[in-house]
Number of protein chains: 2
Amino acid sequence: MSRRGETFQAQVLAVLSSRDGPLSAYDLLGELRESNPKIAPPTIYRALAALRERGRVHRLESLNAFIACQCENHQHASILSICDDCGAVEESVAPDLLEKLATVIGKSGFAPLRHVIEVHGVCAECGAGQAPA
Amino acid sequence: MSRRGETFQAQVLAVLSSRDGPLSAYDLLGELRESNPKIAPPTIYRALAALRERGRVHRLESLNAFIACQCENHQHASILSICDDCGAVEESVAPDLLEKLATVIGKSGFAPLRHVIEVHGVCAECGAGQAPA
DNA sequence: TTGCAAGATGTTATGTTATAACATAATGGA
DNA sequence: TCCATTATGTTATAACATAACATCTTGCAA
């Protein structure tokens, strides 16, 4: 086993961390080709898969895009709020909400393993700038 | 304005309703081409968009697939439980959970408009059939 | 009744996202 | 050293989705 990939993963994470909005895999590909023109899609996807396994990156399923984990502890299900106006994404953690969710869907005997919770809407900043009507 | 499209939308909904698992847009395309070989992707996507607007169909963002709404009242945010073993999807409604969710993400002033709540796991039937270890 | 405006639908092409399949290279241990 | 194992590179293609424009329907008004 080796750690060859970690440098590249670190680059991917660095690019994602420098934004407050999500990037698609092909956005990342474009960025990273500036320093290494030869990389291909599988390289990006493999790095993203590794980073996701370690909880450092989240995939926004409803946008087909990726974002760096904003939390200290990277092992948790997260709630992602996506501003449809400015594109900013904020991460929340709410263990009690997950418990409630488990209760709701557990009624029929379902055992949850992975949560996708994404809420689209308007962030405070964009909402404040809007006329109320 | 016309209702020409409604027949086709009804066909799409009929196919989706006949399954207890999701179908991709191209699965649907394949099915529906049996009765009408000339339809193209935009036709499917337009029908799905109309059905989604009326709450008759849900998109599974984490699977890029679609499923008929299983509820009586089609105007509500739904919680989708997806069995990764057999593919079955079950729909739950929990207004109080949405309220709690609104509270959690509303702390920073975020105003929710659309919810994506998908839980992957193992359904009762598949879980029961498994060896415990 | 004809002609037209508006919107729905059909059609072609292409854009975007993701992975299969296989070749090559690096690493560490026997 | 040599091999087994796993990571990485490379090519090609699969899967998902929509842009752009042509065509057809419909209802209405002159």
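Residues numbered from 1 in each chain as written. Chains lettered and ligands numbered in written order. Predicted model: local features only at pLDDT ≥ 70, side-chain atom pairs only at ≥ 80, totals over all residues. Heavy atoms only, no water.

Draft legend 1. Region of interest: helix 2 (residues 25-33) of chain B. Turning to helix 2 of chain B, its buried residues are Ala25(B), Leu28(B), Leu29(B) and Leu32(B). In a view along the axis of helix 2 of chain B, the buried residues occupy a sector of 105°, so they form one face of it. (Buried < 20%, exposed > 50% of the residue type's maximum accessible area, 1.4 Å probe, protein only. Helix = DSSP H or I, 4+ residues; strand = E, 2+ residues; numbered from the N terminus. Arc of directions from axis to C-beta.)

Draft legend 2. Structural detail: the packing of aromatic side chains. All names here are of chain A. For the structure on display, the rule yields 1 aromatic pair over all chains. Each ring, one from Tyr 26 and one from Tyr 45, has its centre 6.5 Å from the other, and the planes form 65°; the classification is edge-to-face. Here the residue Tyr 26 occupies a position in helix 2 (residues 25-33), and Tyr 45 occupies one in helix 3 (residues 41-53), the gap between them amounting to 19 residues. Residue classification places Tyr 26 among the exposed positions, given a relative accessible area of 51%. Assessed through its relative accessible area of 39%, Tyr 45 is described here as partly exposed. (Phe/Tyr/Trp six-rings, centres within 6.5 Å; stacked < 30°, edge-to-face > 60°.)

Draft legend 3. Spatial organisation of the pairing of strand 5 (residues 111-122) of chain A. Across 5 bridges, strand 3 (residues 79-83) of chain A lies against strand 5 of chain A in parallel orientation. By the bridge assignment, Ile82(A) is partnered in strand 5 of chain A with His120(A). Of the pairings in the sheet, the one linking strand 5 of chain A to strand 5 (residues 111-122) of chain B comprises 11 bridges and is antiparallel in character. Pairing of Val122(A) across the sheet is with Ala111(B), part of strand 5 of chain B. (Pairing = 2+ DSSP bridges.)

Draft legend 4. Quick look at the sheet that holds strand 5 of chain B. Read from one edge of the open sheet, 6 strands run 4(A)-3(A)-5(A)-5(B)-3(B)-4(B), paired in mixed fashion. Each edge of the sheet is formed by a strand with only one pairing partner; in this case those strands are strand 4 (89-92) of chain A together with strand 4 (89-92) of chain B. On average, each strand axis in the sheet is tilted by 20° relative to the strand beside it, whichever way the strands run. Relative to strand 4 of chain B, strand 3 (residues 79-83) of chain B runs antiparallel, the two sharing 4 bridges. Residue pairing in the sheet places Ser81(B) in a bridge with Glu90(B) of strand 4 of chain B. (Axes fitted to C-alpha atoms, helices over the stretch in contact; angles between N-to-C directions.)

Draft legend 5. Local environment of the layout of surface pockets. Residue and element names in this part refer to chain A. Reported here for the largest pocket is a volume of approximately 450 Å³. Around the largest pocket, the lining comprises 19 residues; the ones closest to its centre are Val 57, His 58, His 76, Arg 114 and His 115. The set of elements that each furnish at least two residues to the lining of the largest pocket consists of helix 3, strand 1 (57-60) and strand 5. Of the residues forming the lining of the largest pocket, the biggest block, 6 residues, is contributed by strand 5. Of the residues belonging to the lining of the largest pocket, the class tally is 6 nonpolar, 7 polar and 6 charged. Viewed by domain, the lining of the largest pocket spans two of them, domain 1 (3-68) and domain 2 (78-127), each represented by three or more residues. In this structure, the second largest pocket occupies an estimated 390 Å³ of space. (1 Å grid on protein atoms, 1.4 Å probe; cavity = no way out; pocket = protein on both sides within 12 Å on 5 of 7 lines; lining within 4 Å. Points joined across faces, edges and corners; volume = space filled by probe spheres on them. Nonpolar A, V, L, I, M, F, W, Y, C, P; charged D, E, K, R; others polar. Domains from an automatic or database assignment.)

Draft legend 6. Seen up close, the interface of chain A and chain B. Each partner contributes residues to the interface: chain A has 33 residues there, and chain B has 33 residues. Summed over both partners, the interface of chain A with chain B comes to about 2,800 Å²; 66% of that surface belongs to carbon and sulfur atoms. Joining chain A to chain B, the criterion identifies 2 salt bridges. One can count 12 residue pairs in polar contact (both at pLDDT 80 or more) joining chain A with chain B. Contributions of two or more residues to the side of chain A that touches chain B are made by strand 3, strand 4, helix 4 (95-106) and strand 5 of chain A. With 12 residues, the top contributor of residues to the side of chain A that touches chain B is strand 5 of chain A. Its residues placed into classes, the side of chain A that touches chain B shows 18 nonpolar, 9 polar and 6 charged. (Contact = heavy atoms within 4.5 Å. Buried area = accessible area lost by both parts, 1.4 Å probe. Salt bridge = Lys/Arg side-chain N within 4 Å of Asp/Glu carboxyl O. Polar contact = N/O pair within 3.5 Å; in protein donor to acceptor, adjacent residues only side chain to side chain.)

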